[in-house]
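# Coordinate analysis (summary)
Spelled out from the first residue to the last, the chains are:
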Amino acid sequence: MATLKTLLTFILLGAFLGLATASYIGPQFLEWYNTAPLGAQTMCDLPKVIQGITADLLRYQVYGTLIGAGSFLLLGIVFVVSRSKKQKRMQQPPTTPPVQPGPAV
């Protein structure tokens, strides 16, 4: 159960960081991507453009959430495996050197 909690914590942390990253970078990217080159004037249907840009932002946020959750899941698996190996190593009794027969008296 502790392993599941650890993995879930990693997944949620990754999902949050991915969403935060996409929310921060997404609007800047969309502004750059939708700007007319060299200040050229464009005629457009503004409500349709706003709907498209909002849909793109939401899509990027979902992608960021999924990528963050997936990558942190992999990091969580690596963390759990390395921790379990360390615990197994610590639980093993220490090996003692073989007893050497002493000189005969």
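Our structure's up above, just so we're on the same page.
Thresholds, definitions, all that
Counting of residues starts from 1 at the beginning of each chain's written sequence and follows it residue by residue. The predicted origin of the model limits local features to residues at a pLDDT of at least 70 and limits the giving and counting of side-chain atom pairs to 80 or more, whereas totals for whole chains, interfaces and linings rest on all residues. The side-chain figures draw on all heavy atoms in the structure; neither hydrogens nor water molecules are used. We define a salt bridge as a side-chain nitrogen of Lys or Arg found within 4 Å of a carboxyl oxygen belonging to Asp or Glu. Secondary structure elements follow DSSP: runs of H or I no shorter than four residues count as helices, runs of E no shorter than two count as strands, and numbering proceeds from the N terminus. When accessible area is computed with a 1.4 Å probe and restricted to protein chains, residues below 20% of their type maximum are described as buried, those above 50% as exposed, and intermediate ones as partly exposed. Without a salt bridge and with relative accessible area above 30%, a residue can belong to a patch; like charges are then joined within 9 Å and nonpolar side chains (Val, Leu, Ile, Met, Phe, Trp, Tyr) within 5 Å. Note that accessible areas follow from Shrake-Rupley with a 1.4 Å probe, and for residues the cover is restricted to the protein chains shown. Expected span of a helix, by definition, is 1.5 Å for each gap between consecutive residues, and there is one gap fewer than residues. Residue contacts are defined here by distance: any two heavy atoms, one from each residue, within 4.5 Å place the two residues in contact. The positive count covers Lys and Arg only, the negative count covers Asp and Glu only, and His and the chain ends enter neither. By convention, the charge on Lys lies at NZ, on Arg at CZ, on Asp at CG and on Glu at CD. Two rings from Phe, Tyr or Trp (for Trp, the six-membered ring) form a pair when their centres sit within 6.5 Å of each other. Planes less than 30 degrees apart are called stacked, planes more than 60 degrees apart edge-to-face, and all others tilted.

Take the pattern of salt bridges next. One side chain can pair with another of opposite charge once the charged atoms of both are near each other. According to the stated counting rule, one finds 1 salt bridge in the structure shown. Its salt-bridge partner being R59, residue D56 comes within 2.9 Å of it at the nearest N-O pair. Linking D56 with R59, this pair stays in helix 2 (residues 46-91), spanning 3 residues, or about one helical turn. On the basis of relative accessibility, which here comes to 36%, the residue R59 falls in the partly exposed class.

Attention now goes to a nonpolar patch on the surface. Together, Y24, I25, F29, W32 and Y33 make up an exposed nonpolar region whose accessible area comes to about 640 Å². With respect to the helices and strands, the residue W32 is situated in helix 1 (residues 2-33).

Helix length check: helix 2, at 46 residues, gives a terminal C-alpha distance of 66 Å against a target of 68 Å (1.5 Å per residue), a fit within 8%. Along helix 2, the residues that are buried comprise D56, Q61, G64, G68, A69, F72, G76 and V80. Buried residues in helix 2 make contact with helix 1.

Our focus in this paragraph is a positive patch on the surface. Among the surface-exposed residues, K85, K86, K88 and R89 lie close enough to one another that they form a single positively charged patch. By the element assignment, K88 lies in helix 2. For K88, a relative accessible area of 56% corresponds to the exposed category.

Right, let's get into the side chain of Q61. Note on placement: Q61 falls in helix 2. Setting aside chain neighbours within four positions, we find Q61 in contact with L19, A22 and S23.

A few words on the packing of aromatic side chains. Throughout the structure, instances matching the rule amount to 5 aromatic pairs. Considering the side-chain rings of F29 and W32, the 5.8 Å spacing of their centres and the 40° angle between planes classify their relative orientation as tilted. Pair noted here: F29 and W32 are both in helix 1, with a separation of 3 residues, about one helical turn. Among the residues examined, W32 registers a relative accessible area of 61% and is labelled exposed. Arranged with centres 5.7 Å apart and planes meeting at 20°, the rings of F29 and Y33 form a pair that is stacked. Taken together, the positions of F29 and Y33, both in helix 1 and 4 residues apart, correspond to about one turn of that helix. For Y33, a relative accessible area of 55% translates into the label exposed.

Distances and angles like these do not, on their own, reveal function.
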